[in-house]
There are 2 protein chains.
Amino acid sequence: MEVKLPTFDSVFSVDCVIFGFEAGELKILLIERNEEPYKDWLALPGYIVEQDESIDDAAERILYELTGLRDLHMQQFHTFGEVNRHPQGRVITVAYYALIRINGQKELRPITQYARKAFWHPVNELPKLAFDHTAIFQTAFNKIRRRLNYQPIAFELLPEKFTLTQLQSLYEAVENRKLDKRNFRKKMLSYGFLKELDEKQKGVSYRAAKLYKFDRRKYAKIFHSEMGGEK
Amino acid sequence: MEVKLPTFDSVFSVDCVIFGFEAGELKILLIERNEEPYKDWLALPGYIVEQDESIDDAAERILYELTGLRDLHMQQFHTFGEVNRHPQGRVITVAYYALIRINGQKELRPITQYARKAFWHPVNELPKLAFDHTAIFQTAFNKIRRRLNYQPIAFELLPEKFTLTQLQSLYEAVENRKLDKRNFRKKMLSYGFLKELDEKQKGVSYRAAKLYKFDRRKYAKIFHSEMGGEK
DNA sequence: AATATAGTGTGTAAAAATTACACCATTAAA
DNA sequence: TTTAATGGTGTAATTTTTACACACTATATT
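Residues numbered from 1 in each chain as written. Chains lettered and ligands numbered in written order. Predicted model: local features only at pLDDT ≥ 70, side-chain atom pairs only at ≥ 80, totals over all residues.

Asker: I'd like a description of the nonpolar core, backed by residues and values.
Answerer: Grouped together as the largest cluster of nonpolar side chains are 102 residues, with contacts concentrated most on C16 and V17 of chain A together with C16 and V17 of chain B. Here V17 of chain B is in contact with I28, L44, A95, Y97, I136, F137 and A140 of chain B, once residues within four sequence places are set aside. (Core = buried A, V, L, I, M, F, W, Y, C linked by C-beta atoms within 7 Å. Buried ≥ 20, exposed ≤ 12 C-beta atoms within 10 Å, placed from the backbone. Contact = placed C-beta atoms within 7 Å.)

See the structure below:
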């Protein structure tokens, strides 16, 4: 059976690639679509930008509506503008990424009917995604892989308090290679923006590790004196 | 006298920040607008994307129409989507940059009536530009400053054959600081992608410097074996 | 012909950053 | 008490980065 779809002239949309880190694995947030086109497919959370909202605002709203997540720091990273990327008409999409702590408590619950559900999926072995979302994901992944080494994005993926081993395994997951434990620690600590806490890991059946926390103030001081702001 | 302008719903545009290097100075390409809004203002070359062209294609076409320049390698770098950035309606603009050799011979000549003229202007002491173009330029400048150190963009700004001093003064202009001559040369040559020519600079009233040329093949070999492609 | 001018081209030592590498310590569970 | 699992630590070798000064060459000027 063939479904007749409406067409439209030209619209903007945003798509969000939200990275999380859990159980030593890097994951992204996907939705199951509940609307044509690509009904029942998996896709990145994304939707149409309203007439009277900036694209940055749209990104926040749309992510919230599709997943229930709010107040992330999303960063635009690329705009996809091929003529035929959307089957119903001309849609140029601005893609955003964000990195967040996956938090068992925080429920993922679509607010609109447009998504049937939202869930985390490991970045390895991603299934086929709707539209050009696989390419969008790839571009995002390349970007954050780069940025990991000159921006403090790792800390957004970890819990507030984390161990150095957790930090290292995040780097290993993103860079997809093993790192030397001693050298990694030496380097991280040498930056001076990690604060050692008087607290230890709990609930592990082996020697508990010290917890650390990322000190934003110190980071800003160190970084901004070295070079002008970034964007 | 107040001018009544038409309004429109939503359109995409592209804006181009084209960098060139001349007389030891970094410059960008500006146009003088010949249409409302911002008639007579200076602006970045930019215009509306057609219904049936990709944004990448649009960027090439528009740059050509406004300046007569063709076949640059433009790279998208950011999309500007504030609601009120354009006085006549909702315009989201995708911004591109490119780096090219300024070539006295190549005439800058707008093809459409939309621009009165196109010309190079030093990036220092830029005048006020139309729309949010000053912010767009700033973002572009920050990007290329960053990229200079991990992508071979410098060579696009220089003539095919260049001296090491020219190369150095380009780096100095972009990074806005003095570099040490010996260290700079040592480092550049150590990369192995500069080809020393059997030729010397001509027409200078002092000892002529050796000419070099950027060897794309070698660069690709070195770079691609070190890490996956970029984007 | 001599000299002034302007930029070319080169090496080395010190300091800093990166890499490679192995074993004892601690905790909880068996 | 033993085992399993991970935490935590230092040093030497190598590589990379930095700081630094002077003789050479080509032309223009007198």
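Asker: Which residues make up the interface of chain A and chain B, and what are the values?
Answerer: Across the contact, 20 residues belong to chain A and 21 residues belong to chain B. At the level of elements, strand 1 (8–22), strand 5 (75–80), strand 6 (89–101) and helix 2 (133–147) of chain A are the ones that each hand at least two residues to the side of chain A that touches chain B. Each residue belonging to the side of chain A that touches chain B can be placed in one class, and the counts come to five nonpolar, nine polar and six charged. (Helix = DSSP H or I, 4+ residues; strand = E, 2+ residues; numbered from the N terminus. Nonpolar A, V, L, I, M, F, W, Y, C, P; charged D, E, K, R; others polar.)

Asker: Which residues make up the sheet that holds strand 10 (residues 210–214) of chain B, and what are the values?
Answerer: All names here are of chain B. Spatially, 8-10-9 is the arrangement adopted by the three strands of the open sheet, whose pairing is antiparallel. The sheet is open, and its two borders are formed by strand 8 (161–162) and strand 9 (194–200), each paired with just one other strand. Relative to strand 10, strand 9 runs antiparallel, the two being bridged by four bridges. What sits directly across from K200, in strand 10, is K210. (Pairing = 2+ DSSP bridges.)

Asker: Give me the sheet that holds strand 10 (residues 210–214) of chain A: which residues, what numbers.
Answerer: Residues and elements named next belong to chain A. Taken in spatial order, the three strands line up as 8-10-9 in an open sheet, and their pairing is antiparallel. Of all strands in the sheet, those bounded by a partner on one side alone are strand 8 (161–162) and strand 9 (194–200). Looking at chain direction, strand 8 and strand 10 are connected through two bridges and run antiparallel. Following the sheet pairing, K161 is matched in strand 10 by K213.

Asker: Residue-level account of the relation of the copies chain A and chain B, with values.
Answerer: Between the two copies, chain A and chain B, the superposition gives an RMSD of 0.1 Å; the rotation angle is 180 degrees and the shift along the axis is 0.1 Å. In the structure described here, the two chain copies are related by an operation that fits a two-fold rotation axis. A shared binding surface is used by both copies, with 100% of the interface residues of chain A retained as interface residues in chain B. (Least-squares fit on C-alpha atoms with pLDDT ≥ 70 in both.)

Asker: Explain the protein's contact with DNA strand D to me, using residue names and the numbers behind them.
Answerer: Neighbouring DNA strand D are 19 residues; T165, R182 and Y206 of chain A together with S205 and R207 of chain B lie closest to it. Listed by contribution, the elements that provide at least two residues to the surface near DNA strand D are helix 4 (164–175) and helix 5 (181–191) of chain A together with helix 5 (181–191) of chain B. When residues of the surface near DNA strand D are assigned to their parent elements, the largest contribution, four residues, is made by helix 5 of chain B. Here the residues of the surface near DNA strand D are counted per class, giving five nonpolar, four polar and ten charged. (Near = placed C-beta within 6 Å.)

Asker: If you had to explain the environment of S54 of chain B to someone new, which residues and values would you point to?
Answerer: Take S54 of chain B: it is sitting in the loop between strand 4 (46–48) and helix 1 (55–67). Excluding its chain neighbours within four sequence positions, the residues that come into contact with S54 of chain B are G81, E82 and V83 of chain A.

Asker: Lay out helix 4 (residues 164–175) of chain B with the relevant residues and their values.
Answerer: Residues and elements named next belong to chain B. Along its twelve residues, helix 4 runs 16 Å from first to last C-alpha, staying within 8% of the 16 Å computed at 1.5 Å per residue. Where helix 4 is concerned, the buried positions are L167, L170 and V174. The buried residues of helix 4 occupy an angular sector of 60 degrees when projected down its axis, which confines them to one face. Once helix 4 ends, the next one or two residues include N176, with phi positive near 60 degrees. (Expected span 1.5 Å × (residues − 1). Arc of directions from axis to C-beta.)

Asker: Can you break down the pairing of strand 6 of chain A residue by residue, with the values?
Answerer: All names here are of chain A. The buried fraction of strand 6 amounts to ten of the 13 residues, a majority that puts the element mostly inside the structure. One ladder, built from five bridges, connects strand 5 with strand 6; its direction is antiparallel. Residue pairing for strand 6: H78 is matched across the bridge by A95.

Asker: How would you explain the protein's contact with DNA strand C if you had to name every residue and give the values?
Answerer: In the vicinity of DNA strand C lie 19 residues, with R207 of chain A together with T165, R182, Y206 and K210 of chain B positioned nearest. Mapped onto the surface near DNA strand C, the elements with two or more residues apiece are helix 5 of chain A together with helix 4 and helix 5 of chain B. Sort the elements by how many residues they give to the surface near DNA strand C and helix 5 of chain A lands first, with four residues. For the surface near DNA strand C, the residue count by class is five nonpolar, four polar and ten charged.

Asker: Before we move on, can you summarise unusual backbone geometry with the specific residues and values?
Answerer: Residue P37 of chain A follows E36 of chain A across a cis peptide bond; omega there is -5 degrees. Examined against the element boundaries, P37 of chain A turns out to sit in the loop between strand 2 (25–33) and strand 3 (42–43). Positive phi is not limited to glycine here, since A23 of chain B has a value of about 50 degrees. By secondary structure assignment, the location of A23 of chain B is in the loop between strand 1 (8–22) and strand 2 (25–33).

Asker: Before we move on, could you go through the packing of helix 4 of chain A against helix 5 of chain A and cite the residues and values that matter?
Answerer: Residues and elements named next belong to chain A. Between helix 4 and helix 5, the least distance of the axes is 11 Å, while the angle of their chain directions is 105 degrees. For the element pair helix 4 / helix 5, the angle class is roughly perpendicular. Every residue of helix 5 that contacts helix 4 at L164, L167 and Q168 is listed here: K181, F184, R185 and M188. Of the residues assigned to the contact of helix 4 with helix 5, the class counts are four nonpolar, one polar and two charged. (Axes fitted to C-alpha atoms, helices over the stretch in contact; angles between N-to-C directions. Parallel < 35°, antiparallel > 145°, perpendicular 65-115°, else oblique.)

Don't take any of this as a statement about function, it's just geometry.
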